[in-house]
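# Overview (structure and organization)
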Amino acid sequence: MRFRAKIVDLACLNHFSRVINTIAKLAKTCTLRLTVSKLYFILSDKVANGGVSMWCELCQGNFFDEFQMEGVAAEHNEIYLELVPENLSRALKTAQSAKAVKIKLTNKHCPCLRVSVELPSLSSSSRIVTHDIPVGVIPRRLWNDFREPSVPDFDVSIYLPVLKTMKSVVERMKNLSNSIVIEANLSGEMNLKIETDLVSVTTHFKDLGNPPWASEDGCQSSAQGRDLENMAEARIDIKKLQQLLAGQQVNPTKALCNIVSKRIVHFILLHEDVSLQYFVPALA
């Protein structure tokens, strides 16, 4: 099992760093899945137990100048590692003006991702800062626990308003309640609501637009035949929504959410070379 990669391009390095920062804000520990063409950061808290799940996918070719890996076996050419994304984020913070960053899987005393940052120096010799980030190697028999979560058959899918705006609304609301109701319909309207014994606050967004989801047979998903004005809603933990909005450093080109009434809210943030899915279960 081998893995080594190198980033030389500074723009790619900073972009990668921003993605890792976002993930570190969403997950204390996560699984890094390496394949020949992609990296995945996966958090699979059991949604049934009220945990959130995350699935973030990156095309390695858009970030790395060199990328070599040999998986566990020829027919299973993948590597699954458990790591604390905050540690990787910290290591990359030292790399903001680096000439190059190398990442390598090593195993001296325990398995580690070694991040070597080559810094520019005035003399001819270069300065290299090395960080060893402990990782756990996940055995083959557990890989099935980290499959991509299936997109539930949703009642409404809608584009999100500007995330900065949404973030400031949620920041203000979180001082008033621990939960927030997200409701939306197929006419491009979305409301964020909190209701307590003392106060009820609603923020309305309109003209957001609804994504044109087509299913396998070419017709729309479960939204077909629904009343366009009808609101689908789910009440979720406001902190989990705030985490997602506060951690955003990827500036997605598209952001949308799918609501399964009273069950789950599924957020999808898309950037040219990164996609992040975030599943937040509804509160009873």
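Residue numbers restart at each chain and count upward from 1, following the sequence in its written direction. In keeping with the predicted nature of the model, local features appear solely for residues at pLDDT of at least 70, side-chain atom pairs appear and are counted solely at 80 or more, and the whole-chain, interface and lining totals rest on all residues. Heavy atoms throughout the structure, all of them, feed into the side-chain values; hydrogens and water do not.

Condition: UniProt positions are given in the numbering used here, feature names are shortened, and annotations may be inferred rather than shown by experiment.
For the protein, the name recorded in an unreviewed UniProt entry is Checkpoint protein HUS1, with Pygoscelis papua as its organism. The record held by UniProt for the protein lists under Sequence similarities (unreviewed entry) the comment "Belongs to the HUS1 family."

## Regarding the sheet that holds strand E13 (residues 190–195)
To keep things clear, this is the line we draw: One requirement defines pairing of two strands: DSSP has to find at least two bridges between them. Counting from the N terminus, the helices are DSSP H or I runs at least four residues long and the strands are E runs at least two residues long. Only C-alpha atoms enter the line fits that serve as axes; for helices the fit covers just the stretch in contact. Angles between N-to-C directions range over 0 to 180 degrees.
Read across the open sheet, the 4 strands follow the order E14-E13-E12-E15; overall the sheet is antiparallel. Since the sheet does not close on itself, it has two edges, and those belong to strand E14 (200–205) and strand E15 (232–237), each with one partner. Strand-to-strand twist across the sheet, computed as the mean angle between neighbouring axes with direction ignored, equals 20°. Of the pairings in the sheet, the one linking strand E12 (residues 179–184) to E15 comprises 6 bridges and is antiparallel in character. Of the residues in E15, the one forming a bridge with Ser179 is Asp237.

## Things to note about unusual backbone geometry
Applicable threshold: Think of it in three bands: residues with accessible area under 20% of the maximum for their type are buried, residues over 50% are exposed, and the middle band is partly exposed, with areas taken using a 1.4 Å probe on protein chains only.
In the Ramachandran plot, Asp207 falls in the positive-phi region, its phi being about 60° despite a non-glycine side chain. For Asp207, the position within the fold is in the loop between E14 and E15. Exposure remark for Asp207: the relative accessible area of 68% places this residue in the exposed category. Positive phi, normally seen in glycine, also occurs at Lys262, with a value near 60°. Mapping Lys262 onto the fold places it in the loop between strand E16 (254–260) and strand E17 (264–271).

## Observations concerning the sheet that holds E16
The cut-off we apply is this: Residue contacts are counted whenever heavy atoms from the two residues lie within 4.5 Å of one another.
In spatial order, the strands read E10-E6-E2-E3-E4-E18-E17-E16-E11; together these 9 strands make up an open sheet with antiparallel pairing. Only two strands of the sheet have a single partner each, and these edge strands are strand E10 (136–137) and strand E11 (156–159). Two elements, strand E2 (residues 30–34) and strand E6 (residues 79–83), share 5 bridges in a ladder whose sense is antiparallel. Counterpart to Leu32 in the pairing with E6 is Leu81. Against the sheet, helix H4 (residues 238–246) touches E17 and strand E18 (274–281), its axis set at about 170° to E18.

## Concerning the packing of aromatic side chains
Put simply, the rule is: Each Phe, Tyr or Trp ring, with Trp reduced to its six-membered ring, pairs with another whose centre is within 6.5 Å; inter-plane angles below 30 degrees give stacked pairs, above 60 give edge-to-face pairs, and intermediate values give tilted ones. Counting as a charge over the ring demands two things of the Lys NZ or Arg CZ atom: a distance within 6 Å of the ring centre and an angle within 35 degrees of the ring normal.
For the structure shown, the criterion picks out 7 aromatic pairs. Between Phe16 and Phe64 the ring centres are 5.3 Å apart and the planes differ by 70°, which places this aromatic pair in the edge-to-face class. Separated by 48 residues along the polypeptide, Phe16 in helix H1 (residues 10–26) and Phe64 in the loop between strand E4 (53–59) and strand E5 (66–70) bring together distant segments of the chain. For Phe16, a relative accessible area of 2% gives the class buried. Over the ring of Tyr40 we find Arg33; its NZ or CZ atom is 4.4 Å from the centre of that ring.

## Quick notes on the state of the cysteines
By definition, a disulfide is the covalent link that joins the sulfur atoms of two cysteine residues. Stated precisely, the cut-off is as follows: Any pair of cysteine sulfurs within 2.5 Å is marked as a disulfide.
Under the criterion given, the structure shown has 0 disulfides. Free of any disulfide, Cys112 has its nearest cysteine sulfur in Cys110, 3.9 Å distant. With a relative accessible area of 9%, Cys112 lands in the buried category.

## Section: the packing of H1 against helix H2 (residues 85–93)
What describes two packed helices is the angle between their axes and the distance between those same axes. For clarity, the cut-off: Comment on the angle field: the value is read as roughly parallel under 35 degrees, roughly antiparallel over 145, roughly perpendicular from 65 to 115, and oblique elsewhere. Helix crossings fall into two classes, left-handed where the near helix is turned counterclockwise from the far one by less than a right angle and right-handed where it is turned clockwise.
For the pair H1 and H2, the least separation of the axes is 8 Å and the interaxial angle reads 150°. Here H1 lies roughly antiparallel to H2, going by the angle between them. The two elements H1 and H2 cross, and the hand of that crossing is left-handed. Mapping the contact onto sequence places Leu13, Phe16, Ser17, Ile20, Asn21, Ile23 and Ala24 in H1 and Pro85, Glu86, Leu88, Ser89, Leu92 and Lys93 in H2.

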